Amino acid sequence: MMGAVAKPRVGIIGTGAIGGFYGLMLARAGFDVHFLLRSEFSAVAEHGLKLHSAVHGALTLSPVQAYSSAQDMPPCDWLLVGAKTTSNADLAPAIRQAAAPDAKVLLLQNGLDVEDSLRELLPDALHVLGGLCYICVHRDAPGVITHQALGAVHVGYHSGPAVDEVTRSAIVEEGVGLFRAAGIDSQVMANLHQARWQKLVWNIPYNGLSVLLGASTTPLMADADSRESIKALMAEVVRGAVACGYEIPPGYAEQLFMVTEKMPDYWPSMYHDYLHRRPLELEAIYARPLAAARSAGCELPRIEALYRSLSFIDRRNR
C-alpha cells in the first residue's frame, strides 16, 4: 500500500546551511525538492549545491531545481524554512505562494515561539510545525556547505487545521519519515514548547559567548572561566523553563555540556551572522525567553546581561 503513495513535493525556503543540507539530502533520497534562493541563486543554478560532510562524505546536487522567486515554484506539499528568524515576516508571502492547498510548513529555526509570529501571516489552511536541528553545519561560499557533525531533526506540531491528536500525529510522523528516508535521524516532539526551551540550554550560552568572546566551542570548553559561564547560563535557562512550566530532564544540561566537549571545534550560527554583519537572532533566542520567564515571575540576570551586551554589539556591527 505504502509503495503506491507518491512522494511529497518539498520546497526549501531559504537555502543557507540548514536548508541546503536537508534539501540536498532529501533530493538525493529521491524526493522532488525545489529550492528558493536570493543572493545565491545564480551560483547554485550554475554550479549546483556542494556538501562537504564529515558524516556523508563529499556530495553534489546538480542540476538543482532552483528559483529566485516563489511565484515560479510548483505547489509544494512540505515547505522547509531554513532562513533565519530575523526574516520571518518577509518569508510569509513566499510561503503562501509556494504552498500547496494543505501544505505543511516546517520551521527549522532556533529560539522560542518562532512559529507564532509567522502563523499570524499564513492562511489557516496551512499546517505549521516546528523543527529543531541538532547539527554542526555552516556555509563556506555560495552553494557550498560544510557539515561537521550530528544532523538529527526533532519535529512537533504547532498549529493549523489538524485539531485532533490522531491527525496531528500522522502529520508529524510524515515529517519524521521524510528525514528518515533521507538517512537522517528524526524524532517526534510531544511538546514543541518544552523542546524549544531544551534547545535553548545549548543555544543561549554558546551562541552568545561565541560572539561576545570571539571564541568557538573548543577554546570556550578549554578555559576554566568560560566553562563556569556556560554552566551558569545553562542553569539559568533550566530555571526559566521550569518557571514557565516545563520540566527539563535531570542531567540534561550536564549531558549537553559533555557532548559539546567531544564535538569537533564549532563556530555557532550567531558567530557566522556576526562575522558577515547580518542581524543577530536576539529576539528569538534571548528576548522571548527572558520575557516568558519574567511574566512567570522569574528573573534571569546572567542571560539578561548577555542579551544587553549582544544588543550593543549587534547595533554597532551593522
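This is a predicted model, so every value here is computed, not measured. In every chain, residue numbers begin from 1 and rise along the written sequence. Thresholds applied to this predicted model are a pLDDT of at least 70 for local features of residues and 80 or more for the giving and counting of side-chain atom pairs; totals over whole chains, interfaces and linings are not thresholded and use all residues. Only hydrogens and water are removed before side-chain values are computed, so all heavy atoms of the structure are retained for them.

A. Structural context of the overall build of the chain. Helix and strand assignments come from DSSP, with helices taken as H or I runs of at least 4 residues and strands as E runs of at least 2, each series counted from the N terminus. Scanning the chain for helices and strands turns up 12 helices and 10 strands. Note that the radius of gyration is over C-alpha atoms, with the globule rule given as 2.2 Å times the number of residues to the power 0.38. Its C-alpha radius of gyration of 19 Å places the chain within 12% of the 20 Å reference for a compact globule of 318 residues. Taking the principal axes of the C-alpha coordinates as reference, the chain spans close to 55 × 45 × 35 Å. Relative accessible area decides the class of each residue, using a 1.4 Å probe on protein chains only: under 20% of the type maximum gives buried, over 50% gives exposed, and in between gives partly exposed. Looking at the chain as a whole, 55% of its 318 residues qualify as buried.

B. Representation of the packing of aromatic side chains in the model. For Phe, Tyr and Trp, where Trp contributes only its six-membered ring, two rings pair if their centres lie within 6.5 Å, and the inter-plane angle classes them as stacked under 30 degrees, edge-to-face over 60, or tilted in between. The final tally for this structure, using the stated rule, is 7 aromatic pairs. With a centroid separation of 5.6 Å and 80 degrees between ring planes, the pair formed by Tyr22 and Phe179 is classed as edge-to-face. In this pair, Tyr22 sits in helix α1 (residues 17–28) while Phe179 sits in helix α5 (residues 165–181), placing the two residues 157 residues apart along the sequence. Taken as a pair, Tyr22 and Phe179 share a single burial class, namely buried. Here the aromatic rings of Trp202 and Tyr266 are separated by 6.4 Å at their centres, their planes lie at 45 degrees, and the arrangement is tilted. Here Trp202 is found in helix α6 (residues 192–213), whereas its partner Tyr266 is found in the loop between α9 (252–262) and α10 (269–275), with 64 residues between them in sequence. The pair formed by Trp202 and Tyr266 is uniform in burial state, with each residue classed as buried. Among the aromatic residues, ring-to-ring pairing joins Phe21, Tyr22 and Phe179 into one connected group.

C. Broad picture of the side chain of Asn207. Positionally, Asn207 belongs in helix α6. At 2.8 Å, the side chain of Asn207 forms a polar contact with the side chain of Asn203. The contact definition used throughout considers only heavy atoms, calling two residues in contact when any of these lie within 4.5 Å. The contact partners of Asn207, leaving out residues within four places of it in the chain, are Trp202, Pro268, Ser269, Met270, Ile285 and Tyr286. Any N or O atom pair separated by 3.5 Å or less is treated as a polar contact, with the protein-specific requirement of one donor-capable and one acceptor-capable atom, and with residues adjacent in sequence counted only for side-chain atom pairs.

D. A look at the nonpolar core. To form a nonpolar core, buried Ala, Val, Leu, Ile, Met, Phe, Trp, Tyr and Cys residues must be joined to one another through side-chain atoms within 4.5 Å. Core analysis: the largest hydrophobic core is formed by 42 residues, its most contacted members being Trp197, Tyr206, Ile230, Met234, Met270, Tyr286 and Ile303. For this core, the secondary-structure elements that each account for two or more residues are α6, α7 (217–222), α8 (224–243), α9, α11 (282–295) and α12 (301–317). The element that contributes the greatest number of residues to this core is α6, accounting for 8 residues. Setting aside anything within four residues of it in sequence, one finds Met270 in contact with Asn207, Gly208, Val211, Leu280, Glu281, Leu282, Ile285, Tyr286 and Leu310. Membership of the second largest hydrophobic core comes to 41 residues, among which are Leu108, Ala162, Ile171 and Leu178.

E. Structural detail: the environment of Val172. Secondary-structure assignment places Val172 in helix α5. For Val172, a relative accessible area of 5% gives the class buried. For the pair Val172 and Val237, spaced 65 residues apart in the sequence, the C-alpha separation amounts to 27 Å.

F. Representation of the packing of α11 against α12 in the model. Between N-to-C directions, angles cover 0 to 180 degrees, with each direction set by a line fitted to C-alpha atoms, over the stretch in contact for helices. At their nearest, the axes of α11 and α12 sit 11 Å apart, and the two run at 145 degrees to each other. Helix-helix and strand crossings are classified by hand; for α11 and α12 the assignment is left-handed. Where α11 abuts α12, its residues Leu282, Tyr286, Ala287, Leu290 and Arg294 lie against Ile303, Glu304, Leu306, Tyr307, Leu310, Ser311 and Asp314. Under the scheme applied here, ten amino acids are nonpolar (Ala, Val, Leu, Ile, Met, Phe, Trp, Tyr, Cys and Pro), four are charged (Asp, Glu, Lys and Arg), and all others, including Gly, are polar. Per-class residue counts for the contact of α11 with α12 are 8 nonpolar, 1 polar and 3 charged. Crossing handedness is defined as follows: a turn of the near helix away from the far one that is anticlockwise and smaller than a right angle gives a left-handed crossing, while the clockwise case is right-handed.

G. Broad picture of the environment of Tyr206. Mapped onto the elements of the fold, Tyr206 is located in helix α6. A residue is classified by how much of its surface remains accessible, and Tyr206, at 0% relative accessible area, is buried. Residues Tyr206 and Ser62 lie 144 residues apart in sequence; the distance between their C-alpha atoms is 35 Å. Beyond its immediate sequence surroundings of up to four residues, Tyr206 is in contact with Thr217, Leu220, Met221, Ile230, Met234, Phe257, Thr260 and Pro268.

H. Main features of the pattern of salt bridges. By definition here, a salt bridge exists when the distance from a side-chain nitrogen of Lys or Arg to a carboxyl oxygen of Asp or Glu is within 4 Å. For the structure on display, the rule yields 13 salt bridges. As a salt-bridge pair, Lys84 and Glu281 come within 3.8 Å of each other at their nearest N and O atoms. Within this pair, whereas Lys84 is found in the loop between β6 (76–81) and α3 (88–98), its partner Glu281 is found in the loop between α10 and α11, the two being separated by 197 residues in sequence. Exposure remark for Lys84: the relative accessible area of 26% places this residue in the partly exposed category. Of the residues examined, Glu281 reaches a relative accessible area of 5% and is grouped as buried.

I. View of the pairing of strand β8 (residues 127–141). Counting buried positions along β8 gives 11 out of 15 residues, so the element sits mostly inside the fold. The rule for pairing is simple: two strands pair if DSSP sees at least two bridges between them. Of the pairings in the sheet, the one linking strand β7 (residues 99–108) to β8 comprises 5 bridges and is parallel in character. Residue pairing in the sheet places Leu107 in a bridge with Gly130 of β8. Bridge count between β8 and strand β9 (residues 144–159): 13 bridges; the pairing is antiparallel.

J. The arrangement of the packing of α6 against α9 in detail. Running from N to C, α6 and α9 cross one another at 50 degrees; their axes reach a closest spacing of 10 Å. With respect to α9, the axis of α6 lies oblique. Our pair here, α6 against α9, has a crossing hand that is right-handed. Facing α6, whose interface residues are Gln198, Lys199, Val201, Trp202 and Tyr206, α9 presents Tyr252, Ala253, Leu256, Phe257 and Thr260. In terms of residue class, the contact of α6 with α9 is built from 7 nonpolar, 2 polar and 1 charged. Oblique is the label for any angle not under 35 degrees, not over 145, and not in the 65 to 115 range, which are roughly parallel, roughly antiparallel and roughly perpendicular in turn.

These figures come from the coordinates and say nothing about function on their own.
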